[in-house]
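# Report on the structure
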Amino acid sequence: HWTMEEFIGKEIARIREICGPAGRVIGAVSGGVDSTVAAKLMHEAIGDRFHAIMVDNGVLRLNEAKQVHEMLNTNLGVNLTVVDASELFLSRLEGIEDPEQKRKIIGNTFINVFEDEAAKIESAEESLGKGRVEWLLQGTLYPDVIESISFKGPSATIKTHHNVGGLLKDMKLKLIEPLRELFKDEVRALGCLLGIPAPLVQRHPFPGPGLAIRILGLVTRSQVAILQQADSIYIEEIRKAGLYDQIAQAFAVLLPVRAVGVMGDVRTYEQVIALRAVQTEDFMTADWYVFPADILRRISSRITNEVAGINRVTYDISSKPPATVEWL
Ligand code: XMP
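Computed from a predicted structure; not experimentally measured.

## Regarding the UniProt feature "binding site: ATP" (unreviewed entry) in the protein chain
- As annotated by UniProt and renumbered to match this structure, "binding site: ATP" (unreviewed entry) occupies Ser30, Gly31, Gly32, Val33, Asp34, Ser35 and Thr36.
- Within the structure, the side chain of Ser30 is placed 3.1 Å from the backbone nitrogen of Gly32, a separation counted as a polar contact.
- Take Gly32: it is sitting in the loop between strand E1 (24-28) and helix H2 (33-46).
- You can call Gly32 partly exposed: its relative accessible area is 24%.

## Topic: the pairing of strand E2 (residues 50-56)
- Across the 7 residues of E2, 7 count as buried, placing the element largely inside the fold.
- Here E2 shows no split at all, with Phe50, Ala52, Met54 and Asp56 on one side and His51, Ile53 and Val55 on the other all buried.
- Inspection of the sheet shows E1 paired to E2 by 4 bridges, in the parallel sense. Note that in E2 the partner of Val25 across the bridge is Phe50.
- Viewed along the sheet, the connection from E1 through H2 into E2 turns out right-handed.
- In this structure, E2 lies alongside strand E3 (residues 80-84), joined through 5 bridges in parallel fashion. In the strand pairing of E3, Ile53 is matched with Thr81.
- Handedness of the β-α-β unit built from E2, helix H3 (residues 64-75) and E3 comes out right-handed.

About the thresholds
- Residues numbered from 1 in each chain as written.
- Predicted model: local features only at pLDDT ≥ 70, side-chain atom pairs only at ≥ 80, totals over all residues.
- Heavy atoms only, no water.
- UniProt positions renumbered as here; feature names shortened; annotations may be inferred.
- Polar contact = N/O pair within 3.5 Å; in protein donor to acceptor, adjacent residues only side chain to side chain.
- Helix = DSSP H or I, 4+ residues; strand = E, 2+ residues; numbered from the N terminus.
- Buried < 20%, exposed > 50% of the residue type's maximum accessible area, 1.4 Å probe, protein only.
- Pairing = 2+ DSSP bridges.
- Right-handed = clockwise from strand over helix to strand, strands pointing away.

Printed below as a string of structure tokens:
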């Protein structure tokens with residue numbers, strides 16, 4: 001058995017040995033726990049020879065790209081490029097309602113953007129005589145390793161889950177997977193030891209296809225903006241109430257229907273936000289979370305008052321199964 005301090009020492013030594021004195025590594029970061037911890041570990045091991053890429057796909061949470069830049073680059077010192085590809089993603093999503101289509105488009109576009117950016121970094125650095133990028137960082141955890149061994153083919157009832165890294169397996173790069181022996185709680189402990197702030201380490205999971213699978217119907221810039229604001233208010237109030245760590249995942253969903261409301265003496269006809277919060281061990285089954293009524297009341301009143309285009313908020317009281325955690 002090993003302690004986490006021993007793990008860090010051993011893993012840093014292993015990364016240095018694998019990469020050699022000049023080896024270069026690139027990796028995608030999402031702002032989530034796994035990719036952040038993996039990136040920080042790489043930075044500890046090989047400094048600026050690790051280069052992180054964050055792709056802004058236009059369906060991130062409010063201010064997320066900015067926050068990831070601040071955390072990884074400013075606070076943790078990681079060499080990071082943020083690529084704003086929102087225009088490309090949103091144009092490819094135009095006219096698309098089907099959830100699996102949305103996932104495919106976002107996955108494929110992500111690969112295109114990441115590969116282009118990696119090539120740019122490579123040629124810029126090559127001209128400085130820095131040598132080739134040979135390695136791709138993957139934030140794979142132990143349960144992912146097990147799942148990819150035991151999961152035999154597609155099933156109509158299982159959503160096609162893609163983590164950022166998993167999409168890039170076909171690049172002509174060798175994989176480096178520093179977290180592949182760890183469970184999620186161990187990654188969190190590792191993150192704490194590496195100086196990553198607790199609110200990031202404890203962050204709820206966020207799907208790769210982002211808000212595109214939380215906007216039912218068509219994904220447009222204005223729909224994204226509405227959902228970002230509602231979601232941000234929801235999470236802010238959950239954090240203020242001290243409930244964030246009791247919930248496995250919480251998020252807002254934007255429904256494509258309009259309902260009647262009233263503001264002053266005018267009738268409104270606007271969209272509906274659904275709030276979701278679940279408790280679960282492994283996300284295979286989940287229960288809806290029971291909020292204190294006053295918290296829900298405050299959240300609802302803030303969203304309907306502050307978010308233009310929303311006049312009604314509902315709370316999702318469905319368990320998984322038969323519902324899923326996400327609405328798409
Ligand atoms: P469901 O909706 O299948 O969600 O009950 C279970 C967990 O998986 C996440 N999820 C995804 N994560 N890409 C991802 O990276 C996806 O396409 C995707 N779909 C669902 C969901 O957020 C929850 O944590």
